[in-house]
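So the chains spell out like this:
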Amino acid sequence: MSGSANLRKKFWEIPLNELNTDEWEMLCDGCGKCCLKKVVDVDSKELYWTRVVCKYFDQIKGSCKCYSDRVKTVSDCIDVKEMINQMPDWIPETCAYRLRAQNKPLFDWHPLLDKTNKLIHKSNISIIGKCVSEDHVHPDGYHEHVVRWVGV
């Protein structure tokens, strides 16, 4: 990430459409939930989150291994900038982007407020230790890995 020279004071309180690139990137809390695979019920159209995570998600560091090329490399990668307005249900309720799009404040555990990344793990927000790589699950079996803890 770029240096803090392009970050305004309390930029996380500024509307999303006014953030510069560095501020947008820093707003991410690093939870990894957007990297989880989802399934949609064909009849009800209801969205379900799974514990199956993209194969490029580093489950130790909690980050994407191909971040700069993720949307090109992963065909179903969520582009948060596009999804936040088009399909907000595809973004976790705890996500800083969704919160700010709804003009809500960040949670106290957010690394920008905590000044560390410790509370995001202590608060059980991060997916580290809770997921399985898509390399180990056939796409037809995603429904067997549906979880309810994502939006909480």
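Bear in mind the structure is a predicted one, so any value in this text is a computation, not a measurement.

Draft legend 1. Quick peek at the overall build of the protein. Across its full length, the protein carries 6 helices and 6 strands. Sequence-ordered secondary structure for the protein, helices as α and strands as β, is α-β-β-β-β-α-α-α-α-α-β-β. For a compact globule of 152 residues, the expected C-alpha radius of gyration is about 15 Å, and the protein comes in at 15 Å, within 12% of that figure. Along the longest, intermediate and shortest principal axes, the C-alpha atoms of the protein span 45 × 30 × 30 Å. In the protein, which comprises 152 residues, the proportion classed as buried is 39%. The long-range fraction of contacts in the protein, counting pairs at least 24 apart against all pairs at least 6 apart in sequence, stands at 53%. Taking the average location of the 22 positive side-chain charges in the protein and that of its 22 negative ones, the two points are 6 Å from each other.

Draft legend 2. Up close: the nonpolar core. Core analysis: the biggest nonpolar cluster contains 17 residues, and Leu16, Leu19, Leu27, Ile91 and Tyr97 have the highest contact counts within it. The set of elements that each furnish at least two residues to this core consists of α1 (21–27), α3 (80–86) and α4 (96–101). No other element matches the 3 residues that α3 contributes to this core. Beyond its immediate stretch of four places on either side in the chain, leucine 16 contacts Trp24, Leu27, Ile84, Tyr97, Arg100 and Ala101. Listed in part, the 9 residues of the second largest apolar core include Leu36, Leu47, Val147 and Val150.

Draft legend 3. Highlighting the layout of surface pockets. The calculated volume of the largest pocket comes to roughly 1000 Å³. Considering the residues around the largest pocket, the lining is formed by 41 residues, among which Cys28, Gly30, Cys34, Cys35 and Tyr67 are closest to the centre. Looking at the lining of the largest pocket, its residues break down into 26 nonpolar, 6 polar and 9 charged.

Draft legend 4. Quick look at the side chain of serine 126. By the element assignment, serine 126 lies in the loop between α6 (118–122) and β5 (132–133). Note on serine 126: relative accessible area 4%, which makes it buried. If sequence neighbours within four positions are ignored, serine 126 has contacts with Cys31, Ile120 and His121.

Draft legend 5. Expanded view of the environment of lysine 130. Among the secondary structure elements, lysine 130 is positioned in the loop between α6 and β5. Residues lysine 130 and valine 147, spaced 17 residues apart in sequence, show a C-alpha to C-alpha distance of 10.0 Å. At 2.8 Å, the side chain of lysine 130 forms a polar contact with the backbone oxygen of asparagine 124.

Draft legend 6. Looking closely at the packing of aromatic side chains. For the structure on display, the rule yields 3 aromatic pairs. Aromatic side chains phenylalanine 11 and tryptophan 12 sit 5.3 Å apart centroid to centroid with 75° between the ring planes, which places their arrangement in the edge-to-face category. Like phenylalanine 11, the residue tryptophan 12 is buried in the burial classification. Between phenylalanine 107 and tryptophan 109 the ring centres are 5.5 Å apart and the planes differ by 10°, which places this aromatic pair in the stacked class.

Definitions and limits used
- Residues numbered from 1 in each chain as written.
- Predicted model: local features only at pLDDT ≥ 70, side-chain atom pairs only at ≥ 80, totals over all residues.
- Heavy atoms only, no water.
- Helix = DSSP H or I, 4+ residues; strand = E, 2+ residues; numbered from the N terminus.
- Rg over C-alpha atoms; globule rule 2.2 N^0.38 Å.
- Buried < 20%, exposed > 50% of the residue type's maximum accessible area, 1.4 Å probe, protein only.
- Contact = heavy atoms within 4.5 Å.
- Lys, Arg positive; Asp, Glu negative; His and termini not counted.
- Charge placed at Lys NZ, Arg CZ, Asp CG, Glu CD.
- Core = buried A, V, L, I, M, F, W, Y, C linked by side-chain atoms within 4.5 Å.
- 1 Å grid on protein atoms, 1.4 Å probe; cavity = no way out; pocket = protein on both sides within 12 Å on 5 of 7 lines; lining within 4 Å.
- Points joined across faces, edges and corners; volume = space filled by probe spheres on them.
- Nonpolar A, V, L, I, M, F, W, Y, C, P; charged D, E, K, R; others polar.
- Polar contact = N/O pair within 3.5 Å; in protein donor to acceptor, adjacent residues only side chain to side chain.
- Phe/Tyr/Trp six-rings, centres within 6.5 Å; stacked < 30°, edge-to-face > 60°.

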